[in-house]
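Structure at a glance
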Amino acid sequence: MKGFIVTVDGPAGSGKSTIAKLIAKKYDLTYLDTGAMYRMIALYVLKHGVGLEDKKAIADMLEKADLDIDGDRFYLDGEDVTEMIRTPEVNRIVSPVAAIKEVRKKLVDMQREISKGKRTILDGRDIGTAVFPDADVKIFLVASPEVRALRRLKEYEQKGVKTTYEEVLESIKERDYIDSTRKESPLVKADDAHEVDSSKMTIDKVLDKISEYIEEKIGE
Ligand code: DC
């Protein structure tokens, strides 16, 4: 298999990254977490104190931002920001930052460049629709907002981040709204994507289901 692309799109907390990592391991694919790339830009905006409404300043700044990915570590201007990009502060502004046209252009170009000719699984919001519309296998992973909020809350508790279920649910609903109603590449299911609802499924069940779709494709 040469140049095999699997895309996993879906809303925040649907389990995309957990599943994508497991699939990557099982089928020896490189995993690219595209959400982390948008998070790096959001952190860059926070660090430079630029207002979200100043889209021109953000677009200009992008030229200078040095993004680097090494396995599962993310570097911004040489600094390891892997943990910093997962804070509630970044969560709060990442959706509006990801809605900016120039931000998307830069990151989509990088995503295509990184994956060119490789065996890759990418997760995000627009991978099967905009980044790789000709991907080999497309998955659209969903789950109810309540289930997703509980999962995120658990992650925060493990990291010692103080927040409440209500706050997390609110933030998830807000991000869903922005991500799916924005003008540039909104979160929508590609016509040829397989929809998997993980609300009531174990991780193993989701893994089995997606493996079926991948093996179907490999067998073609
Ligand atoms: O998957 P995540 O929660 O880490 O993504 C963070 C944000 O980045 C999310 O609110 C929407 C945006 N995003 C996007 O617009 N396109 C992608 N391919 C991946 C993420």
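Reference entry: report on the structure contained in this document.

Looking at the pairing of strand 6 (residues 120–124)
Most of strand 6 sits inside the fold, with 5 of its 5 residues counted as buried. With burial as the criterion, each face of strand 6 is covered, one bearing Thr 120, Leu 122 and Gly 124 and the other bearing Ile 121 and Asp 123. Of the strand pairs in this sheet, strand 1 (residues 5–9) and strand 6 are connected by 5 bridges, and their pairing is parallel. Looking across to strand 6, one finds that Val 6 is bridged to Ile 121. Both strand 2 (residues 30–33) and strand 6 contribute to a ladder of 4 bridges, which runs parallel. Bridge pairing in strand 6 places Leu 32 opposite Leu 122.

Points about the sheet that holds strand 6
Across the sheet, 5 strands lie side by side as 2-6-1-7-8; this open sheet has parallel pairing. The two strands at the open ends of the sheet, each matched to only one other strand, are strand 2 and strand 8 (194–197). Strand after strand, the sheet turns through a mean of 20° between neighbouring axes, direction not considered. Across the face of the sheet, helix 1 (residues 16–27) comes into contact with strand 1, strand 2, strand 6 and strand 7 (137–142) while running at roughly 180° to strand 6. Sitting on the sheet, helix 9 (residues 203–218) touches strand 1, strand 7 and strand 8, and the angle it makes with strand 7 is about 160°.

Looking at empty space enclosed by the protein
Evaluation of the coordinates by the stated rule reveals 1 cavity of 30 Å³ or more. What the largest cavity holds in volume is close to 30 Å³. As for the largest cavity, its lining consists of Thr 7, Asp 9, Gly 128, Thr 129, Lys 138, Ile 139, Phe 140, Val 188, Ala 190 and Ala 193. If you tally residues by element for the lining of the largest cavity, the top one is strand 7, at 3 residues. Classifying every residue of the lining of the largest cavity gives 5 nonpolar, 3 polar and 2 charged.

So, the site of the ligand
Near the ligand lie 17 residues; those nearest to it are Arg 39, Ser 95, Arg 104, Asp 126 and Arg 182. The contact in question runs from a nitrogen atom of the ligand to an N or O atom on the side chain of Thr 34, over 3.0 Å. In the model, an oxygen atom of the ligand is placed 3.1 Å from a nitrogen or oxygen of the Arg 175 side chain. Protein burial of the ligand: of its 450 Å² of free accessible surface, 97% is covered by the chains. Structurally, the ligand is housed in the largest pocket. Of all the elements in the fold, those that place two or more residues in the shell around the ligand are helix 2 (34–47), helix 4 (88–98) and helix 8 (165–181). When residues of the shell around the ligand are assigned to their parent elements, the largest contribution, 4 residues, is made by helix 2.

Comments concerning the pattern of salt bridges
Tallied over the entire structure, the rule returns 16 salt bridges. A salt bridge links Glu 212 to Lys 209; the shortest N-O distance between them is 3.3 Å. A residue pair is termed a helical-turn pair when its members lie 3 or 4 positions apart in one helix, as Glu 212 and Lys 209 do in helix 9 at 3 residues. Since its relative accessible area comes to 43%, Glu 212 is described here as partly exposed. Residues joined in a network through salt bridges with shared partners are Arg 73, Asp 80 and Glu 83.

Here's the deal with the environment of Ala 57
Structurally, Ala 57 can be placed in helix 3 (residues 55–62). Placed 12 residues apart in sequence, Ala 57 and Val 45 show a C-alpha to C-alpha distance of 9.5 Å.

Observations concerning the side chain of Asp 123
Residue position: Asp 123 is located in strand 6. Summary of buried charges: Asp 123 has no salt-bridge partner, and the nearest side chain of opposite charge, Lys 16, is 5.7 Å away.

Brief notes about the environment of Gly 49
In this fold, Gly 49 is placed in the loop between helix 2 and helix 3. Separated by 164 residues in sequence, Gly 49 and Tyr 213 have C-alpha atoms that sit 44 Å apart.

Reading the values: the criteria
Residues numbered from 1 in each chain as written. Predicted model: local features only at pLDDT ≥ 70, side-chain atom pairs only at ≥ 80, totals over all residues. Heavy atoms only, no water. Buried < 20%, exposed > 50% of the residue type's maximum accessible area, 1.4 Å probe, protein only. Helix = DSSP H or I, 4+ residues; strand = E, 2+ residues; numbered from the N terminus. Pairing = 2+ DSSP bridges. Axes fitted to C-alpha atoms, helices over the stretch in contact; angles between N-to-C directions. Contact = heavy atoms within 4.5 Å. 1 Å grid on protein atoms, 1.4 Å probe; cavity = no way out; pocket = protein on both sides within 12 Å on 5 of 7 lines; lining within 4 Å. Points joined across faces, edges and corners; volume = space filled by probe spheres on them. Nonpolar A, V, L, I, M, F, W, Y, C, P; charged D, E, K, R; others polar. Near = heavy atom within 4 Å. Polar contact = N/O pair within 3.5 Å; in protein donor to acceptor, adjacent residues only side chain to side chain. Areas by Shrake-Rupley, 256 points an atom, 1.4 Å probe, with all protein chains shown as cover. Sits in = over half its atoms within 2 Å of the grid points. Salt bridge = Lys/Arg side-chain N within 4 Å of Asp/Glu carboxyl O. Lys, Arg positive; Asp, Glu negative; His and termini not counted.

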